[in-house]
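So the chains spell out like this:
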Amino acid sequence: MRHLMSPLDLSVEELDKLLTLANDIEKNPGKYAHACEGKKLATCFYEPSTRTRLSFESAMINLGGSVIGFSSADSSSAAKGESVSDTIRVISCFADICAMRHPKEGAPLVASQHSSIPVINAGDGGHQHPTQTLTDLLTIRSLKGRLDHLKIGLCGDLKFGRTVHSLINALIRYPGIEFVLISPNELRVPEYIREDVLIANHIPFVEVERLEDAIPDLDILYMTRVQKERFFNEEDYIRMKDFYILDKAKMELAKKDMLVLHPLPRVNEISVEVDNDPRAVYFKQVQYGVYVRMALILTLLEIEV
Ligand code: NCD
């Protein structure tokens, strides 16, 4: 049985197959409409989420399956003190596959070790968010035509932003990838990403503070919000929350075919005036998230259509 804890749980070949399946789902949704009939997805969300949870639910419903679950720790037995390992043993009796989000890093991994159904990490603390990465990869591959030879700017909260950590891990496996890490000094990528992932794999990267300086050369600009809930004090958050605002003037400095991605939710880091720019693809990205989760559910349940 397979789980998905990190994007690296899939080899480059498996990932390629999964993304191709997602593109086929996009083109022929009817073909997959009954693929998961009689199957249940449990969404166990110990931390708030709109997009990811509803994206999973929508994916399973599109496949003809059904959905059970909870959307906050208070509405589950966690509030009574139940452990994640007990909860997953129970959920294993109710559902065929589980998507779990948890504020503690590694909680979905613990769950997977006690589970008799596939577990998908739907975000664990500031650590990883592999299905957002699958979404990002599908968006880039579908709209740019490739995942290699790209200059990728990651901008915002690179310290706490788990989507950034997962995306870096996944992209370094493709040739010709270069990163421009754009953040305030206090929100730079964690040491383990810089040393053990980027430097250890000889990946070209620079760390800069000014978005204006970096934007002209980029093929992809991945914006992120400052992760308010992971700050220890409100003052630091307030000081940093509007550090970057992507607006029309900055978009004018960018290449004509640069894509702007954002995992959402957006706060102030992208001005709404950018939304109508054809290079702004963050709402398309949400749609790709559904296709890729459909492909992932089929893959983990070993259902062939
Ligand atoms: C991201 C997350 O939860 O890490 N959201 C999402 O799943 N689309 C990004 C964020 O919350 O900033």
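## What to know about the layout of surface pockets
Okay, step 1: Its volume calculated, the largest pocket comes out at about 440 Å³.
Okay, step 2: Residue lining of the largest pocket: 13 residues in total, with Lys17, Leu21, Thr299, Ile303 and Glu304 positioned closest to the centre.
Okay, step 3: Among the elements of the structure, helix H1 (12–27) and helix H11 (282–300) are those that each provide at least two residues to the lining of the largest pocket.
Okay, step 4: Ranked by residues supplied to the lining of the largest pocket, first place goes to H1 with four residues.
Okay, step 5: Looking at the lining of the largest pocket residue by residue, the classes come out as seven nonpolar, one polar and five charged.
Okay, step 6: Of the pockets and cavities examined, the second largest pocket occupies roughly 380 Å³.
Okay, step 7: If you go around the second largest pocket, you meet 21 residues; those closest to its centre are Arg101, Arg162, Arg225, Leu264 and Pro265.
Okay, step 8: Breaking the lining of the second largest pocket down by element, the ones donating at least two residues are helix H2 (51–62) and helix H6 (162–171).

## Considerations on unusual backbone geometry
Among all residues save glycine, negative phi is the norm, and among peptide bonds the norm is trans.
Okay, step 1: Of note, the bond from Leu264 into Pro265 is cis; its omega dihedral lies within 30 degrees of zero at 5°.
Okay, step 2: Tracing the chain through its elements places Pro265 in the loop between strand S9 (259–261) and H11.
Okay, step 3: A positive phi angle, near 50°, is found at His149, a position not held by glycine.
Okay, step 4: Relative to the helices and strands, His149 is located in the loop between helix H5 (130–144) and strand S5 (150–155).
Okay, step 5: For Glu302, which is not glycine, the phi torsion reads 55° and is therefore positive.
Okay, step 6: You can call Glu302 exposed: its relative accessible area is 64%.

## Examining the site of the ligand
Okay, step 1: Lining the immediate surroundings of the ligand are Arg51, Thr52, Arg101, His129, Gln132, Arg162, Thr163, Arg225, Gln227, Pro263, Leu264 and Pro265.
Okay, step 2: The side chain of Arg225 places a nitrogen or oxygen atom 2.7 Å from an oxygen atom of the ligand.
Okay, step 3: Expressed as a share of its isolated accessible area of 310 Å², the protein-covered part of the ligand is 95%.
Okay, step 4: Mapping the ligand onto the cavity grids shows that it belongs to the second largest pocket.
Okay, step 5: Mapped by element, the contributors of at least two residues to the shell around the ligand are H2 and H6.
Okay, step 6: Looking at the shell around the ligand residue by residue, the classes come out as three nonpolar, five polar and four charged.

## Quick notes on the domain arrangement of the protein chain
Okay, step 1: Structurally, the protein chain comprises domain 1 (7–127 + 289–300) and domain 2 (131–285).
Okay, step 2: In this structure, domain 1 and domain 2 have C-alpha centres spaced 25 Å apart.
Okay, step 3: Facing 29 residues of domain 1, the contacting portion of domain 2 comprises 24 residues.
Okay, step 4: Where Arg162 meets Glu47, a salt bridge forms, and the shortest distance between an N and an O atom there is 3.2 Å.
Okay, step 5: Here domain 1 is connected to domain 2 by 12 residue pairs in polar contact (both at pLDDT 80 or more).
Okay, step 6: Looking at the side of domain 1 that touches domain 2, the elements that each hand over two or more residues are H1, H2, strand S4 (119–124) and H11.
Okay, step 7: Sorting elements by how many residues they give to the side of domain 1 that touches domain 2 places H1 first, with eight residues.

## Some points on a nonpolar patch on the surface
Okay, step 1: On the surface, Ile68, Val90 and Phe94 cluster together into a nonpolar patch covering about 230 Å² of accessible area.
Okay, step 2: With respect to the element layout, Val90 can be found in helix H3 (residues 84–94).
Okay, step 3: What makes Val90 partly exposed here is its relative accessible area of 35%.

So, how was this worked out
Residues numbered from 1 in each chain as written. Predicted model: local features only at pLDDT ≥ 70, side-chain atom pairs only at ≥ 80, totals over all residues. Heavy atoms only, no water. 1 Å grid on protein atoms, 1.4 Å probe; cavity = no way out; pocket = protein on both sides within 12 Å on 5 of 7 lines; lining within 4 Å. Points joined across faces, edges and corners; volume = space filled by probe spheres on them. Helix = DSSP H or I, 4+ residues; strand = E, 2+ residues; numbered from the N terminus. Nonpolar A, V, L, I, M, F, W, Y, C, P; charged D, E, K, R; others polar. Buried < 20%, exposed > 50% of the residue type's maximum accessible area, 1.4 Å probe, protein only. Near = heavy atom within 4 Å. Polar contact = N/O pair within 3.5 Å; in protein donor to acceptor, adjacent residues only side chain to side chain. Areas by Shrake-Rupley, 256 points an atom, 1.4 Å probe, with all protein chains shown as cover. Sits in = over half its atoms within 2 Å of the grid points. Domains from an automatic or database assignment. Contact = heavy atoms within 4.5 Å. Salt bridge = Lys/Arg side-chain N within 4 Å of Asp/Glu carboxyl O. Patch = residues over 30% accessible without salt bridge, like charges linked within 9 Å, V, L, I, M, F, W, Y side chains within 5 Å.

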